Amino acid sequence: MAEAKRARPKPTPETQHFWDGTKAGELRLQRCDACAHVYFPPRPFCPSCASRKVSVFKASGKGTLYSYVINHRPAAPGFTPPYAIAVVALEEGPRLMSNITGCPQTPEALELDMALEVTFEALDEQITLPLFRPAKG
Amino acid sequence: MRRNQVAVVGAAETTELGIIPTMSQIQLHADAALNAIADAGLKLSDIDGFATAVETPQQICHYLGITPTWVDGTSVGGCSFMLHVRHAAAAIEAGLCKTVLITHAESGKSMIGKQPRSIAPDSLQGQFEAPFGVYGPPSMFPIPVLRYMKTYGITHEQLAMVAVVQREWAAKNPRAMMKDPITVDDVLNSRMIAYPFRLLQCCLVTDGGGALILTSADRAKDFPQKPVYILGTGESVETPMVSQMETFNSSRAFKVAGPLAFKEAGISHADVDHLMIYDAFAHLPLFGLGDLGFMPHAETGPFIAAGHTRPGGKLPLNTNGGGLSYMHSGMYGMYALQESVRQMRGIAPAQVPGAKISVCHGVGGMFAASGTIIFTNER
Ligand SMILES: [Zn+2]
């Protein structure tokens, strides 16, 4: 039996730039040219003012730990419990779900508001996931 | 919507609750529907409006043999039935139909005739949540909890007390799945599911269903059961992605739906005799008490820990035992509505003496949607 694999995202026309970005080692967000709102997940218009004039830009990759669970059971395919499912607050404003690497998956090690930085993990030749690790320095 | 123009005249759950290996999901719908029809003293042919969730209206109408002139297939998760009640009340007032049947059923445990829930890999959830190891509600719904605890100073013991108190209510309900008393230590020593939540802070997984029948308040007096009037209603949605909520300190959908219902009902919080807050997980009653305006969020944990929501307390909450101890087939909102109706009829197993106003607040998805219904037994 094939080993169960981690759920694999399938890009759409509206999200392709994000997945091209992670593959190139960039975390890409979008900013509205009309009202400067920065938003996520990707879409070709501003959810704040409805303008279709929006730009893709490279985010700093810096953020803080907003909240998380440490999942024990049931574990998702491709994951070995216990593992943290985190929501990261990016410096630019939006939040996104991710995992925290380079750090024990314990309440003691995972302190809310700790500084994090993005790191990239290739899932296969097409898809690279944005993960986060404790910020250095 | 105008107050008290529409009433619940039929209400019933499936004949059995819990583990029902003898019925498929659509038969559970039918079982609940037939029980509600009997409760209201009606025939199926009297039904001209129909609403359900997950299953389509055409599926259940065909199975039951109903030809409706108004249908609502709103399916926003476990609070869909609160939204159905709101929509049905508006439809009856507008003259689109006279007698509405709302059904819920789920073969949540036995999984007979039930489509498994799945997340498409090209949906936003499939791209931006599923790859990070979320796997069913226990891994998703508690994600805001640690932030909420830090912001408001809520403790693990207070969150454990939610389960302890609801077990006290469940002990009074013969149909509750879990009736044995539990302590805070029992909760905090139960199996870890998704830190910070343990087994006893997560809802049950069961089979069952329920159905409601609504008609105009003017007709309601001719029915065999004591009418339960719709005093106020509210609804909203926020996001299907828990990670994209505006804040983890509150639920926007709760904050829209709840106050809307209170405003429509024209009541204050002090008027509330009985309260149901959909408790798929132990933090939901805290979010509900705060977002519906009963008290500041920081006071919700201490309020429950002090025993104010337990039997004999000043604000009886989740008096059937809730999703944590009564039953939870996957979409618990219908059972919360059933308990509110029983309390307003005065026939609940753990009846709140003299209760006249009941607030029933539901959640759909992981804070994705919300519906609030305020009932009264006085017109
Ligand atoms: Zn804008």
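All figures in this text were calculated on a predicted structure; none of them were measured in a lab. (Residues numbered from 1 in each chain as written. Chains lettered and ligands numbered in written order. Predicted model: local features only at pLDDT ≥ 70, side-chain atom pairs only at ≥ 80, totals over all residues. Heavy atoms only, no water.)

For chain A, the count of helices and strands is one helix and eight strands. In chain A, the succession of helices and strands from N to C terminus is α-β-β-β-β-β-β-β-β. Over its C-alpha atoms chain A spans a radius of gyration of 16 Å, differing by no more than 12% from the 14 Å that the globule rule assigns to 137 residues. Seen through its principal axes, chain A has C-alpha atoms that stretch 45 × 40 × 25 Å. Evaluated residue by residue, chain A yields a buried proportion of 45% over its 137 residues. Here the contacts in chain A between residues at least 6 apart in sequence split such that 50% fall between residues at least 24 apart. Per element, the accessible surface of chain A, about 6800 Å² overall, is 51% carbon and sulfur. Between the mean site of the 16 positive side-chain charges and the mean site of the 14 negative ones, chain A shows a separation of 5 Å. (Helix = DSSP H or I, 4+ residues; strand = E, 2+ residues; numbered from the N terminus. Rg over C-alpha atoms; globule rule 2.2 N^0.38 Å. Buried < 20%, exposed > 50% of the residue type's maximum accessible area, 1.4 Å probe, protein only. Contact = heavy atoms within 4.5 Å. Areas by Shrake-Rupley, 256 points an atom, 1.4 Å probe, with all protein chains shown as cover. Lys, Arg positive; Asp, Glu negative; His and termini not counted. Charge placed at Lys NZ, Arg CZ, Asp CG, Glu CD.)

Looking only at helices and strands, one finds 14 helices and eleven strands in chain B. Principal-axis analysis of the C-alpha atoms places the extent of chain B at approximately 55 × 45 × 35 Å. The buried share of chain B, reckoned over its 379 residues, is 65%. Here the contacts in chain B between residues at least 6 apart in sequence split such that 74% fall between residues at least 24 apart. With the model as given, the accessible surface of chain B reaches about 12700 Å², and the carbon-plus-sulfur share is 54%.

Taken together, the 41 residues of chain A in the interface contact 36 residues of chain B. For the pair chain A and chain B, the two sides together bury roughly 3100 Å², of which 63% comes from carbon and sulfur. Taken as a group, Tyr66, Arg73 and Met97 of chain A account for 21% of the area that chain A buries against chain B, more than any other trio of residues on that side. The interface formed by chain A and chain B includes two salt bridges. Residue Asp113 of chain A pairs with Arg147 of chain B through a salt bridge whose shortest N-O separation is 2.7 Å. Our enumeration of links across chain A and chain B arrives at 20 residue pairs in polar contact (both at pLDDT 80 or more). Among the elements that line the side of chain A that touches chain B, the one with the most residues is strand β4 (residues 62-71) of chain A, at seven residues. Of the residues contributing to the side of chain A that touches chain B, the split by class is 28 nonpolar, seven polar and six charged. (Buried area = accessible area lost by both parts, 1.4 Å probe. Salt bridge = Lys/Arg side-chain N within 4 Å of Asp/Glu carboxyl O. Polar contact = N/O pair within 3.5 Å; in protein donor to acceptor, adjacent residues only side chain to side chain. Nonpolar A, V, L, I, M, F, W, Y, C, P; charged D, E, K, R; others polar.)

The next thing to look at is empty space enclosed by the protein. Residue and element names in this part refer to chain B. Scanning the model with the defined rule gives two cavities of 30 Å³ or more in all. Its boundaries defined by the atoms lining it, the largest cavity holds a volume of some 50 Å³. Lining the largest cavity we find Met1, Arg2, Gln5, Val6, Ala89, Glu93, Ile230, Leu231, Gly232 and Glu264. Class assignment of the residues belonging to the lining of the largest cavity gives a composition of five nonpolar, two polar and three charged. (1 Å grid on protein atoms, 1.4 Å probe; cavity = no way out; pocket = protein on both sides within 12 Å on 5 of 7 lines; lining within 4 Å. Points joined across faces, edges and corners; volume = space filled by probe spheres on them.)

Residue and element names in this part refer to chain B. Summed over all chains, the structure comprises 16 aromatic pairs over all chains. Judged by centre distance (4.7 Å) and plane angle (40°), the rings of Phe287 and Phe367 are tilted. Of this pair, Phe287 sits in helix α11 (residues 284-291) while Phe367 sits in the loop between β10 (357-364) and β11 (369-376), placing them 80 residues apart in sequence. For Phe287, a relative accessible area of 0% corresponds to the buried category. On the basis of relative accessibility, which here comes to 0%, the residue Phe367 falls in the buried class. (Phe/Tyr/Trp six-rings, centres within 6.5 Å; stacked < 30°, edge-to-face > 60°.)

Before going further, it helps to examine the coordination of the zinc ion. All names here are of chain A. Protein-derived coordination of the zinc ion comes from Cys32 (SG), Cys35 (SG), Cys46 (SG) and Cys49 (SG), at a distance range of 2.3 to 2.4 Å. What the four donor atoms of the zinc ion show is an angle range of 101 to 117° at the metal, which sorts the shape as tetrahedral. Here the donor residues of the zinc ion are spaced in sequence according to C-x2-C-x10-C-x2-C. (Donors = N, O, S within 2.8 Å, 3.2 Å for Na, K, Ca; no water. Tetrahedral: all angles 85-135°; square planar, octahedral: opposite > 155°, others 65-115°.)

Residues and elements named next belong to chain A. Applying the stated criterion to the full structure yields 18 salt bridges over all chains. With its nearest N and O atoms 2.5 Å apart, the salt bridge here joins Asp124 to Arg8. In this pair, Asp124 sits in the loop between β7 (115-122) and β8 (128-134) while Arg8 sits in the segment before α1 (16-23), placing the two residues 116 residues apart along the sequence. According to the relative accessible area criterion, Asp124 is partly exposed, its value standing at 29%. Given a relative accessible area of 33%, Arg8 falls into the partly exposed group.

Turning to the pairing of strand β1 (residues 28-32) of chain A, a few remarks are in order. All names here are of chain A. Where β1 meets strand β3 (residues 54-58), five bridges bridge the pair, whose relative direction is antiparallel. Note that in β3 the partner of Arg28 across the bridge is Lys58. Pairing analysis gives two bridges linking β1 to strand β2 (residues 38-39), with the strands arranged antiparallel. Each bridged residue has a counterpart across the sheet, and for Arg31 the counterpart in β2 is Val38. (Pairing = 2+ DSSP bridges.)

Attention now goes to the sheet that holds β3 of chain A. Residue and element names in this part refer to chain A. Strand order in the open sheet formed by three strands is β2-β1-β3, and the pairing between neighbours is antiparallel. Each having just a single partner strand, β2 and β3 make up the two edges of the open sheet. Helix-sheet contacts for α1 involve β1 and β3, and the interaxial angle to β1 is about 140°. (Axes fitted to C-alpha atoms, helices over the stretch in contact; angles between N-to-C directions.)

What follows is about the environment of Arg345 of chain B. Residue and element names in this part refer to chain B. Within the secondary structure, Arg345 is located in helix α14 (residues 333-345). As for Arg345 and Ala40, which are separated by 305 residues in sequence, their C-alpha atoms are 13 Å apart. Residues contacting Arg345, with those up to four places away along its chain left out, are Val9, Gly10, Ala11, Asp39, Gln225, Lys226 and Val228.

Here Thr12 of chain A lies in the segment before α1. Residue Thr12 of chain A is classed as buried on the basis of its relative accessible area of 18%. Discounting chain neighbours no more than four positions away, the residues touching Thr12 of chain A are Asp122 and Gln127 of chain B.

Glancing now at the layout of surface pockets. The probe, sized like a water molecule, is rolled over the atoms to show the empty space still left. Empty space within the second largest pocket amounts to approximately 480 Å³. Around the second largest pocket, the lining is made up of 20 residues, and of these Phe40, Pro41 and Arg43 of chain A together with Gln244 and Glu246 of chain B lie nearest the centre. Across the lining of the second largest pocket, the residue classes tally to ten nonpolar, five polar and five charged.

These figures come from the coordinates and say nothing about function on their own.
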